[in-house]
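Descriptive analysis of the structure
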Amino acid sequence: MTMDNALERRPNPDDLNDRGLSETQDERVSYLRAGHTLRSWLLTTDHKRIAILYLISVTLFFFIGGAAAALVRADLLTPQADLLTNEGYNRAFTLHGVIMVWFFLIPSIPNTFGNFLIPLMIGARDLAFPRLNLLSWYIYMLGGLFTVFVLIAGGVDTGWTFYTPLSSMFSNGHVVMVAVAVFVVGFSSILTGLNFIVTVHKLRAPGMSWGRLRLFVWAHYATSLILVLATPVLSVTLALVAAERLFGLGIFDPKLGGDPLLFQHLFWFYSHPAVYIMVLPALGVVSELVAASARKPVFGYRFIAGSSIAIAIIGFLVWGHHMFVAGQSMYASAVFSFLSLAVAVPSGIKVYNWTATLYKGHIELDPPFFFAASFIGLFVVGGLTGLVLAMLAVDVHLHDTYFVVAHFHYIMVGGTVSAYFGALHFWWPKMSGRIYPRIWGRLAAIFIFLGFNLTFFPQFILGYLGMPRRYHVYDPSFQVLHVLSSAGASILGVAYLMPFTYLFWSMRYGAPAGPNPWDVRGLEWTVPSPPPKHNFEEIPVVTGPPYDYPLEREGDQGEAGDAAEGNAAEGNAGSRA
Amino acid sequence: MSLVRTLSLVWAALLGLLLLTLGASFALTGPASLAASLAIAVAKAALIYWFFMHLREEGGLVRLAALGVAAWLVIFTLLTSADYAMRP
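Residues numbered from 1 in each chain as written. Chains lettered and ligands numbered in written order. Predicted model: local features only at pLDDT ≥ 70, side-chain atom pairs only at ≥ 80, totals over all residues. Heavy atoms only, no water.

Of regular secondary structure, chain A possesses 19 helices and 0 strands. For 577 residues, the compact-globule estimate of 2.2 N^0.38 gives 25 Å, and the C-alpha radius of gyration of chain A, at 25 Å, lies within 12% of that figure. In terms of principal-axis extent, the alpha carbons of chain A reach across some 80 × 70 × 45 Å. Split into buried and exposed, the 577 residues of chain A put 56% on the buried side. In chain A, once contacts between residues fewer than 6 apart in sequence are set aside, the share between residues at least 24 apart is 80%. Chain A carries 34 positive and 35 negative side-chain charges, and their two centres are separated by 4 Å. (Helix = DSSP H or I, 4+ residues; strand = E, 2+ residues; numbered from the N terminus. Rg over C-alpha atoms; globule rule 2.2 N^0.38 Å. Buried < 20%, exposed > 50% of the residue type's maximum accessible area, 1.4 Å probe, protein only. Contact = heavy atoms within 4.5 Å. Lys, Arg positive; Asp, Glu negative; His and termini not counted. Charge placed at Lys NZ, Arg CZ, Asp CG, Glu CD.)

Now the structure itself:
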């Protein structure tokens, strides 16, 4: 169809029977068609539209951060500094870190899928503070565009961690401006966290008790607690760096009575919990994807829900493991090492429970399952190498090497980004109302998994052999592994572009999804796809547990709904017993 | 007791604590001075939370949340002092 014809088919906004390009009547009356002007999007207070605004903007920042990563990996192809100068390399990896952490990973799942799904999952018509929700997007965009401006103005070279005394005394880049941008975007996080907490407390549908909340909602509740508690500490810390740079206040400079290590205490008191801001929503997504793939009640629901809260709390007690070789007292290091091992327990609980949920499930090899399975594998590798780094003696050897880089990319990219794409593939039919080609979804998941491992597994070996992070001139013996890693990064880059092709395609040409295309349970699957503007015609009354799939007992054969067969099987089991 | 009277008394108490801070800064030195300032600061903050920020009118959940924040600050100071107090 030509563009002219498509424009002619734009529906009359006042006539709900005039469908235009909408395939179904549900789509015509959905949130997507509730207003066609730019104004109706930019001034919307509908949580679903704000989620779409976030989806578009985090994708934009993902590509900016990805471009910086591409520069870094291209420069590392050879042991010499032939693509970037030393200064340019420092600025490239700093930009990659700042953009990916604050403008992609932290807002990615909560602000897109959390925004879209929490009200739908708890049976509410919107978040508790819809206007605050829109404000958080504007603040996010302000911070993001300010960062892009700093990039054009010359960038910053301290790494995303802004360690003192480099950032406070020696760096010539625009440290204060980037600090301002991160300070600003912090308020967006705080507002989102606050909104989620109040929404979960106050807007649950009748009958939606805490024990009936979906695990996705539990994970976002835990994340919100961290967002609200930790983010102000980062803001204060960056303000102190700015104060020392601008006014010479003696906070971190030993000559003025300060302590450079105080910065690391303050920074990691925020930033380690921030790691859990990035990964907890992903854990929530995977709990949903696993239950949906197995079409079984989640094994150990209470333990998975509780482990999200446990991670949020214990996550605040481990920050000192970033400072084992920084001059922290040995006593503190031992305490933090022990606590860091403790935080692995709730993560382990989740992994075991997911596996037990999948056991004997009715698994279909749909794209969301591929992403969930990649997540579990990569998260286990990332988590276990975290335990390696939490060992005091081993960390002396591995600190600030590529082993650390590989470890946190397994959690952040292998974990969070896989879950982000898994969520995108699982809830896309709900968000857009259209089905995408499943075969392409499977291929994208496989290429992402392969490209990811080729990129980051060699970095474990590089780090173990002693290649330090943040260097672009290196010993030629490391080149083979660096070339492997860069080759993997190019596969990963192409694989990340694939979903954007077929998901865009599906928005126009995909078949209508219907309310429940995966045949799974949950309130969001009871409303039409895409959902109407106010979600629920009538607020639902919840009478059962979450994930109320039919239970099958050992010895049952075939579908549990098939009573005759079920009874016969039970009889057999009884006679065998 | 009328609201104005209550709030005025709290305000007077805060001013009294301010004077105490001032006095302590002259009278005490070293760790004792730090401990006194922190203790007075906690008393001031408690008065502000309880009266000015309406915690005394709130239900259990909100009070619990406020206590949670206090506990969380204790975590930070406690574990940070595990470093500062034990450095060789």
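Okay, the confidence of the model for chain B next. Counting all residues, the mean pLDDT for chain B is 91, and 100% of those residues have values of 70 or more. Of all helices and strands in chain B, the one with the weakest mean pLDDT is helix 3 (residues 60-84) of chain B (90), whereas helix 1 (residues 3-27) of chain B scores best (93). (pLDDT = per-residue confidence, 0-100.)

Residue and element names in this part refer to chain A. Orientation of helix 9 (residues 215-247) relative to helix 11 (residues 301-314), taken along the N-to-C sense of each, is 15°, at an axis distance of 8 Å. Judged by the angle between their axes, helix 9 and helix 11 are roughly parallel. The way helix 9 lies across helix 11 gives a crossing that is right-handed. Taken together, the residues of helix 11 that come into contact with helix 9 (itself represented by Leu 215, Trp 218, Ala 219, Tyr 221, Ala 222 and Ile 226) are Tyr 301, Ile 304, Ala 305, Ser 308, Ile 309 and Ala 312. Within the contact of helix 9 with helix 11, the residues separate by chemical class into 11 nonpolar, 1 polar and no charged. (Axes fitted to C-alpha atoms, helices over the stretch in contact; angles between N-to-C directions. Parallel < 35°, antiparallel > 145°, perpendicular 65-115°, else oblique. Left-handed = near helix turned anticlockwise from the far one by under 90°. Nonpolar A, V, L, I, M, F, W, Y, C, P; charged D, E, K, R; others polar.)

What follows concerns the UniProt feature "domain: Cytochrome oxidase subunit I profile" (unreviewed entry) in chain A. Cross-referencing UniProt, the feature "domain: Cytochrome oxidase subunit I profile" (unreviewed entry) maps to residues 41-543 of chain A in the present numbering. The straight-line gap between the two end C-alpha atoms of residues 41-543 of chain A is 35 Å; of that span, 71% is helix and 0% is strand. (UniProt positions renumbered as here; feature names shortened; annotations may be inferred.)

Counting 163 residues, the largest nonpolar core has Trp 102, Phe 113, Phe 421 and Trp 427 of chain A as its most contacted members. Once residues within four sequence positions are removed from consideration, Trp 102 of chain A is found in contact with Pro 107, Tyr 140, Trp 160, Phe 162, Val 182, Val 185, Leu 234, Phe 267 and Tyr 270 of chain A. (Core = buried A, V, L, I, M, F, W, Y, C linked by side-chain atoms within 4.5 Å.)

Another point: the interface of chain B and chain A. When the parts come together, some accessible area is lost, and that loss is often what is quoted as the size of the interface. Each partner contributes residues to the interface: chain B has 12 residues there, and chain A has 21 residues. Of the roughly 1400 Å² buried between chain B and chain A, counting both surfaces, carbon and sulfur atoms make up 78%. When residues of chain B are sorted by the area they lose upon contact with chain A, Trp 72, Phe 76 and Leu 79 of chain B head the list and together hold 44% of the total. Where chain B meets chain A, there are 1 salt bridge. Here chain B is connected to chain A by 6 residue pairs in polar contact (both at pLDDT 80 or more). For the side of chain B that touches chain A, the residue count by class is 9 nonpolar, 1 polar and 2 charged. (Buried area = accessible area lost by both parts, 1.4 Å probe. Salt bridge = Lys/Arg side-chain N within 4 Å of Asp/Glu carboxyl O. Polar contact = N/O pair within 3.5 Å; in protein donor to acceptor, adjacent residues only side chain to side chain.)

Let's shift gears to the packing of helix 16 (residues 402-432) of chain A against helix 17 (residues 438-465) of chain A. Helix packing for two helices is described by the angle between their axes and how far apart those axes are. Residues and elements named next belong to chain A. The N-to-C vectors of helix 16 and helix 17 enclose an angle of 170°; their axes lie 8 Å apart at closest approach. Relative to helix 17, the element helix 16 is oriented roughly antiparallel. Two secondary-structure elements touch here, helix 16 through Tyr 402, Phe 403, Val 405, Ala 406, His 407, His 409, Tyr 410, Val 413, Gly 414, Phe 421 and His 425 and helix 17 through Gly 441, Ile 448, Phe 452, Asn 453, Phe 456, Phe 457, Gln 459, Phe 460, Leu 462, Gly 463 and Tyr 464. Within the contact of helix 16 with helix 17, the residues separate by chemical class into 14 nonpolar, 8 polar and no charged.

As a further point, take the domain arrangement of chain B. All names here are of chain B. The domain architecture assigned to chain B consists of domain 1 (1-57) and domain 2 (59-88). Distance from the C-alpha centre of domain 1 to the C-alpha centre of domain 2: 20 Å. Note on domain 1 versus domain 2: buried area summed over both sides is about 300 Å², and carbon and sulfur give 61% of it. Among the residues of domain 1 in contact with domain 2, Trp 50, Leu 55 and Glu 57 are the three that bury the most area, contributing 85% of the side total. One can count 0 salt bridges joining domain 1 with domain 2. The interface formed by domain 1 and domain 2 includes 2 residue pairs in polar contact (both at pLDDT 80 or more). Residue composition of the side of domain 1 that touches domain 2, by class: 2 nonpolar, no polar and 2 charged. (Domains from an automatic or database assignment.)

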